[in-house]
Amino acid sequence: MAKPKTALEPNNFYHIYNRGINECAIFKAPTNYEHFLGLYDKYISPIADTFAWVLMGNHFHLLVKIKPPSEDFINLQRVDYLKRINQQFSNLFNAYTKAFNKRYKRTGSLFEHTFRRKRIEEVDYLKNVLIYIHKNPVHHGFCDHPVEYPWSSYLTCISLKSTKLKRENVIGWFDNDANFKSRHNDFISFEKIDSWLDI
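(A) Examining the overall build of the chain more closely. The helix and strand tally for the chain stands at eight helices and four strands. Counting from the amino terminus, helix and strand elements in the chain follow one another as β-α-β-β-α-β-α-α-α-α-α-α. Counting the 199 residues in the chain, one finds 45% classified as buried. Put simply, 72% of the contacts in the chain that link residues at least 6 apart link residues at least 24 apart. Only carbon and sulfur atoms are counted for the fraction: they give 49% of the accessible area of the chain, which is about 10900 Å².

(B) Highlighting the pattern of salt bridges. Going through the model one piece at a time under the given rule, you end up with six salt bridges. In this structure, R119 and E121 form a salt bridge, with 3.3 Å as the shortest nitrogen-oxygen distance. Residue R119 is classed as partly exposed on the basis of its relative accessible area, which comes to 35%. Judged by relative accessible area, E121 falls into the exposed class, the value being 65%.

(C) Structural context of the side chain of N12. Relative to the assigned elements, N12 resides in the segment before β1 (13-19). When neighbours within four sequence positions are excluded, N12 is seen to be in contact with V64, K65, I66 and R119.

(D) The arrangement of helix α3 (residues 123-134) in detail. Between its first and last C-alpha atoms α3 spans 17 Å; for twelve residues at 1.5 Å apiece the expected length is 16 Å, and the two agree. Burial within α3 is extensive, with nine of its twelve residues counted as buried. Listing the buried residues of α3 in full gives Y125, L126, K127, V129, L130, I131, Y132, I133 and H134.

(E) Focus on the pairing of strand β3 (residues 59-66). Among the eight residues of β3, seven are classified as buried, and the element is accordingly described as predominantly covered. Looking at chain direction, β1 and β3 are connected through seven bridges and run antiparallel. The residue of β3 that forms the bridge with H15 is L63. Where strand β2 (residues 48-55) folds back on β3, the antiparallel hairpin that results is connected by three residues.

(F) Fine view of the nonpolar core. Among the nonpolar cores identified, the biggest contains 56 residues, and I16, L63, F89 and W173 are the most heavily contacted of them. Those elements giving two or more residues to this core turn out to be β1, α1 (30-43), β2, β3, α2 (78-104), α3, α5 (154-157) and α6 (167-173).

(G) Focus on the packing of aromatic side chains. Going through the model one piece at a time under the given rule, you end up with 20 aromatic pairs. On the basis of an interplanar angle of 20 degrees and a centroid distance of 5.6 Å, the ring pair of Y154 and F180 is categorised as stacked. Here F180 lies in helix α7 (residues 177-183) and Y154 lies in helix α5, a separation of 26 residues in the sequence. Each member of the pair, Y154 as well as F180, is classed as buried. Grouped by ring-pair contacts, the aromatic residues F27, Y33, F36, F60, F89, F93, Y96, F100, Y104, F111, F115 and W151 constitute a single cluster. Above the ring of Y104, the side-chain terminus of K28 is found at 4.6 Å from the ring centroid. Looking at R117, its charged tip hangs above the ring of F115, at a distance of 4.2 Å from the centre.

(H) Layout of the sheet that holds β1. With antiparallel pairing, four strands are arranged side by side in an open sheet as β2-β3-β1-β4. Each end of this open sheet is capped by a strand with a single partner; those strands are β2 and β4 (116-120). Neighbour to neighbour, the strand axes of the sheet diverge by 20 degrees on average, direction disregarded. In the sheet, β2 pairs with β3 via seven bridges, with the strands oriented antiparallel. Looking at β3, one finds that W53 is bridged to L62.

Cut-offs used in this document
Residues numbered from 1 in each chain as written. Predicted model: local features only at pLDDT ≥ 70, side-chain atom pairs only at ≥ 80, totals over all residues. Heavy atoms only, no water. Helix = DSSP H or I, 4+ residues; strand = E, 2+ residues; numbered from the N terminus. Buried < 20%, exposed > 50% of the residue type's maximum accessible area, 1.4 Å probe, protein only. Contact = heavy atoms within 4.5 Å. Areas by Shrake-Rupley, 256 points an atom, 1.4 Å probe, with all protein chains shown as cover. Salt bridge = Lys/Arg side-chain N within 4 Å of Asp/Glu carboxyl O. Expected span 1.5 Å × (residues − 1). Pairing = 2+ DSSP bridges. Core = buried A, V, L, I, M, F, W, Y, C linked by side-chain atoms within 4.5 Å. Phe/Tyr/Trp six-rings, centres within 6.5 Å; stacked < 30°, edge-to-face > 60°. Lys NZ or Arg CZ within 6 Å of the ring centre and 35° of its normal. Axes fitted to C-alpha atoms, helices over the stretch in contact; angles between N-to-C directions.

Here is the structure:
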């Protein structure tokens, strides 16, 4: 029997992740990554703040905090808003799948299952999950340090460019830029976090 899905509720942090069906590639070219990020901004920015993300060849990880209803959704009843939150994520993945399938002349599901989500309540775990997300490319052998990988929020965190990413909050969790960078050099147990996520 499948576990009931964790509800996505306002003012809570979630680690959201998924991978390609049968571990197939979900990103094959830079334009795929760019298109996903464009759709992400369209569908997710209205309902969630983003604190970290990484797009890998066959999977992705997001760290978000669900927003309370904005002016666009303020008239919805609570149960309707909770449904809307899930619908926005479904719209993102469906729109991306449709575009990916059209480009690569494929049909059917692209993602392995309905997106997974894990609620995070402790600040220490927030920091560990954020580092886990940024170090995913290192763990999978794509680079030696997160700064070398272009498709994650690490570069945005150490940049001064304008961004919708909640960069100031993220740096605040580590007190300052130096500590943020230093913590990304520390060892973290991918096995422990993978086990917690049921990956």
